Structures are given as C-alpha cells and as structure tokens.
Amino acid sequence: VQLQAYGGGLVQAGGSLRLSCLASGLTFRSYTMAWFRQAPGKEREFVAAIKWNGASIFYADSVKGRFTISRDNAKNIVYLQMDSLKPDDTAVYYCAADRQVINSSMKRGQAYNYWGQGTLVTVSS
C-alpha cells in the first residue's frame, strides 16, 4: 500500500489550499481515509476522516466549517479542501488509510495502519 500526499505549500492567512492523497496497492473504495497533521513541537492530531462510501465524515473542532474532506473512488484519491486558513494550521499533513475502522475510532491515529509521507502546509500571518 502506498499513499502519496501532495498539494501543500505556502499560503497567506485567509487563503485556501487543496491537498490530495493518491492511494495505490489497495482496494481504495473499501478503505476509510483520514487526514492528520503535526505541527512543529506538537503531537500529531486528527483533522478529518471519511468512510469508504462517504456516509460518515468527521472533522476536528478546530477545522470544522473551514475544511472539507472528500474522495473520488474512481481515481483512488482523497482530498482535503482547506479554506480560511490560519497560521495555526501550519503543519505537515498526512493521509492515512485502513479498511477496518469503526466510527468511534475514526479520529484515532492508532486505527490506521497505512500512512503517507506528508506534505507541508505553511500559513503566514
């Protein structure tokens, strides 16, 4: 299984970015996909997650209303649209995947066995 995240970069506060994560080596349409992030000097934290069919979607409170997770099962890609970005959103963003994730575990990093390499998002004030 390979997860390749891309789309990060430098953006001013209030701006937008769209992250993408291309998955290979798995039956993508069967997997729960998630985004996590890790800021410098901080622990990794949950950002958003989406069930295989999009029926269940969760967001961290800190991004709710600003970020949108979506997926294209035909292209094996999960997206994270990030709007109204703040300097506090600066972090390395990682995509994660696993097949057997129950709703109550979707926000837990330990629920995911597959991780991408991360893409850096820097939001300037």
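Being a predicted model, the structure only gives us computed values, none of them experimental.

S.K.: Describe the overall build of the protein chain, and please don't skip the residues or the numbers.
M.R.: Helix and strand counts for the protein chain come out as zero helices and 11 strands. Listing the helices and strands of the protein chain from first to last along the sequence gives β-β-β-β-β-β-β-β-β-β-β. For 125 residues, the compact-globule estimate of 2.2 N^0.38 gives 14 Å, and the protein chain sits close to it at 13 Å. Its C-alpha atoms give the protein chain principal-axis dimensions of roughly 40 × 25 × 25 Å. Sorting the 125 residues of the protein chain into buried and exposed places 46% on the buried side.

S.K.: How would you summarise the pattern of salt bridges if you had to cite specific residues and measurements?
M.R.: Per the counting criterion, the structure on display carries four salt bridges. In this structure, Arg-37 and Glu-45 form a salt bridge, with 2.6 Å as the shortest nitrogen-oxygen distance. We classify Glu-45 as partly exposed; its relative accessible area is 35%. Taking the shortest distance from any N to any O, the salt bridge between Asp-89 and Arg-37 comes out at 2.9 Å. Remark: Arg-37 occurs in strand S4 (residues 32-38) and Asp-89 occurs in the loop between strand S8 (77-82) and strand S9 (91-98); sequence separation between them is 52 residues. Arg-37 matches Asp-89 in its accessibility class, with the two residues each being buried. One network of salt bridges, in which partners are shared, links Arg-37, Glu-45, Arg-66 and Asp-89.

S.K.: Describe the packing of aromatic side chains, naming the residues involved and giving the relevant values.
M.R.: Considering all chains together, one arrives at five aromatic pairs under this definition. Centre to centre, the rings of Tyr-31 and Tyr-114 are 6.4 Å apart; their planes meet at 55°, and the pair counts as tilted. Here Tyr-31 is found in the loop between strand S3 (17-24) and S4, whereas its partner Tyr-114 is found in strand S10 (residues 114-115), with 83 residues between them in sequence. When its relative accessible area of 12% is taken as the criterion, Tyr-31 is described as buried. Centre to centre, the rings of Phe-36 and Phe-46 are 5.6 Å apart; their planes meet at 75°, and the pair counts as edge-to-face. Of this pair, Phe-36 sits in strand S4 while Phe-46 sits in strand S5 (residues 45-50), placing them 10 residues apart in sequence. Considered together, Phe-36 and Phe-46 belong to a single accessibility category, that of buried residues. Arg-44 extends its terminal NZ or CZ atom over the ring of Phe-36, reaching a point 5.7 Å from the ring centre.

S.K.: How would you explain the side chain of Thr-90 if you had to name every residue and give the values?
M.R.: Inspection of the secondary structure puts Thr-90 in the loop between S8 and S9. Within the structure, the side chain of Thr-90 is placed 3.0 Å from the backbone oxygen of Pro-87, a separation counted as a polar contact. Contact partners of Thr-90, with chain neighbours within four places excluded, come to Ala-39, Pro-40, Val-121, Thr-122 and Val-123.

S.K.: Talk me through the nonpolar core; I want residue IDs and the actual numbers.
M.R.: One finds Met-33, Trp-35, Leu-80, Met-82, Tyr-93 and Tyr-112 to be the most contacted residues of the largest nonpolar core, which totals 40 residues. Elements supplying a minimum of two residues to this core: strand S1 (2-6), S3, S4, S5, strand S7 (67-72), S8, S9 and strand S11 (119-124). For Met-82, the contacting residues outside a window of four places in its chain are Gly-15, Ser-16, Leu-17, Leu-19, Arg-66, Phe-67, Tyr-93 and Val-121.

S.K.: Tell me about the state of the cysteines, residues and numbers included.
M.R.: Tallying each qualifying case throughout the model produces one disulfide. Sulfur-sulfur distance for the disulfide between Cys-21 and Cys-95 comes to 2.1 Å. When the S-S torsion is 55°, as for the bridge of Cys-21 with Cys-95, the disulfide is right-handed. Pair noted here: Cys-21 is in strand S3 and Cys-95 is in strand S9, with a separation of 74 residues, a long-range link. In this structure, Cys-21 and Cys-95 share a single accessibility class: buried.

Here is what the cut-offs are and how they apply
Residues numbered from 1 in each chain as written. Predicted model: local features only at pLDDT ≥ 70, side-chain atom pairs only at ≥ 80, totals over all residues. Heavy atoms only, no water. Helix = DSSP H or I, 4+ residues; strand = E, 2+ residues; numbered from the N terminus. Rg over C-alpha atoms; globule rule 2.2 N^0.38 Å. Buried < 20%, exposed > 50% of the residue type's maximum accessible area, 1.4 Å probe, protein only. Salt bridge = Lys/Arg side-chain N within 4 Å of Asp/Glu carboxyl O. Phe/Tyr/Trp six-rings, centres within 6.5 Å; stacked < 30°, edge-to-face > 60°. Lys NZ or Arg CZ within 6 Å of the ring centre and 35° of its normal. Polar contact = N/O pair within 3.5 Å; in protein donor to acceptor, adjacent residues only side chain to side chain. Contact = heavy atoms within 4.5 Å. Core = buried A, V, L, I, M, F, W, Y, C linked by side-chain atoms within 4.5 Å. Disulfide = S-S within 2.5 Å.

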